[in-house]
Structure formats: structure tokens, C-alpha cells
Amino acid sequence: VMGVRGFVGAVLLDIAPFAMGAANAQTTNAAKPGTVELRLNATGQSVKRADFVTIYVPISTNAETASAARSANSAAITTLTNALVERGIDRGSITLMPAATRFGFIGNEAYDPSDTPQVPQGMAAMMARKTAYSTIRVRLTDASLVDRVREVLDQQNQSMTGAPTYALNDDRSAKNEAIADAIAKVRQDAEAYAAPLGLRVERITSVSSYGDATSTMPDVNFFAQMMAGTQEGPSNSVTTRAQVWVNFALVPR
């Protein structure tokens, strides 16, 4: 069995060629005499109005038997769908999410209350009931209808999963704008670095979309938005980002 030191040594041997290759790649692109090489990265973004909004609504029902739970689930789906249609939501935008089976069951069908007599009787009875669940997807092309959907869900004592998801039908234009924004930002940063040194940007020597093996850490706002499920910009917008790494050649002014 390989010891810890042996394992670490093997790993170091494995990564050594890559480290040497990276060093060689950096030296082969060294700036010509009289110039200074500068490498920077920047993130650009494009904010566009969303083309559609997607809302997911979990439907959970329980009953004494599996058949009754399925029936209750179907009834809840029909009731919610009709209520949404009455409030102006297109019936075609409301779909039942596909699954291995139409309805799923929480694993309580094999529960035997007699196996755990310490469980309170009321709770044991509840756990012995069958639970059916399904998910409805509502896809809107008008973001202003989100409030109507939310009102209906409140009336039906239902709730959406997370926050509404805003998206674009085609994000190619947004990506192009984000790339242009990133390059403009990194060019501006390069000029700011060069000026105090008495230099100026002569040319761009390389552009990359992936950067170093060690990626740039996202800022605090990114983590806060990810954890809280929030988004930047207006609630009916989509933010598209692009990151670039650019090498510059700087020369005396």
C-alpha cells in the first residue's frame, strides 16, 4: 500500500510536466526588448429584458391510500390550473413536469408505526399516510403576469419553488455585448497600469476566454446572490457575463 509520502510524491511527479509546460509557455511569449508585458482579466456583462419567465410549483397531497393521494393530487392540479387560466394565464403555458411516473411518492408506504412505539401516535398516523407529489411548470412570455401567478398561489395555499427564472430565447447577442464590455474594461485597466510607469499600450498580444488554471474568485456579491437566490438588475431582466484574459505589450510614451 502506498504511504502518504509516496502518494504525494507520485502526484508531484504527475503534475511536474504540466508545471514545466506552463513555465515554458510563459517564457516563449516573452515581450521583445524595450517592451513590458502586462496580463489582466476583466468581466463584462449585458443586461437585457427577459423573453420568458419560468415558475415551478410543487403540488403535494396526502391521504390514507396511494390511490386517494393520487386523486387528491390530480384535483389540486386541476384546481390550480383553472384558477390560473381565470386570471389570464394561457392554459398552454401550464404544463405538468415529466417524470419517471406521473406521480411520485415519499418513502412512507413501507412505514410501520408498530416498529417505533416511541413515536407519538398522532405523528405515527401522519407518517403512515401516503403522500403524492408532482410539479407544475408555468412559462410566461409576459413578466408582468408573475404577480398574478403569485396571487393565485397564495389563494390556493401553494408556493413556487425558489424564485422565478428569467431567460432569453437567444443569448448570442447578449454574449457578444458582454465580451465587448469585458474587452473595453480590460483595455481601460491596462492604460491605468501603464500611465504611472510612463508607458502606454502598444498592442494586444493575446486574448483568452479561460485564463489560468487557477480561476478568478467571484466577488462577495456573487456569493450573496447565489445563496439568497436573487439576481442583479430589474426583476424582469437577464444578466449575461463574459470573462477575458488579455496580454498587453507596453512601450515608453
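Because the structure is predicted, anything quoted here is derived from the model rather than measured.

### Details of the sheet that holds strand β8 (residues 237-252)
Thought 1: Here we have three strands laid out as an open sheet, ordered β1-β8-β7, and antiparallel in their pairing. Here the strands that pair on one side only, and so sit at the sheet edges, are β1 (36-49) and β7 (199-208). Across the sheet, the mean angle from the axis of one strand to that of its neighbour is 35°, orientation sign disregarded.
Thought 2: Judged from the 14 bridges that link them, β1 and β8 form a sheet pairing that is antiparallel. Residue pairing in the sheet places R49 in a bridge with S237 of β8.
Thought 3: Against the sheet, helix α5 (residues 172-194) makes contact with β1, β7 and β8, and its axis sits at roughly 145° relative to β1, the strand it touches most.

### Some words on the confidence of the model for the protein
Thought 1: Here the protein averages 78 in pLDDT, while 66% of its residues score no lower than 70.
Thought 2: The element-level mean pLDDT for the protein is lowest in helix α1 (residues 4-28), coming to 37, with α5 highest at 96.
Thought 3: The low-confidence segment residues 4-29, where pLDDT is below 50, has three contacts with residues more than four positions distant or belonging to other chains.

### Quick notes on helix α4 (residues 146-155)
Thought 1: Of the residues making up α4, those classed as buried are V146, V149, V152 and L153. Each buried residue of α4 lies within a common arc of 125° when the element is viewed along its axis, so the set occupies one face. In α4, the exposed residues that point more than 90 degrees away from the buried face are D154 and Q155.
Thought 2: Elements in contact with the buried residues of α4: β2 (52-63), α2 (66-86), β5 (130-140) and β6 (165-167).
Thought 3: N157 sits one or two residues past α4 and shows a positive phi near 60°.

### So, the side chain of T54
Thought 1: Along the chain, the position of T54 falls in strand β2.
Thought 2: Overall, T54 belongs to the buried group, its relative accessible area being 8%.
Thought 3: Those residues in contact with T54 that sit more than four places away from it in its chain are R137, V138, R139, P164 and T165.

### Thoughts on the pairing of β2
Along a regular strand, successive side chains alternate from one face of the sheet to the other.
Thought 1: Looking at chain direction, β2 and β6 are connected through three bridges and run antiparallel. Each residue of the ladder has a partner; that of F52, found in β6, is A167.
Thought 2: When β2 meets β5, the two strands line up antiparallel, connected through 11 bridges. Pairing of T61 across the sheet is with A132, part of β5.

The rules behind each value
Residues numbered from 1 in each chain as written. Predicted model: local features only at pLDDT ≥ 70, side-chain atom pairs only at ≥ 80, totals over all residues. Heavy atoms only, no water. Pairing = 2+ DSSP bridges. Helix = DSSP H or I, 4+ residues; strand = E, 2+ residues; numbered from the N terminus. Axes fitted to C-alpha atoms, helices over the stretch in contact; angles between N-to-C directions. Contact = heavy atoms within 4.5 Å. pLDDT = per-residue confidence, 0-100. Buried < 20%, exposed > 50% of the residue type's maximum accessible area, 1.4 Å probe, protein only. Arc of directions from axis to C-beta.

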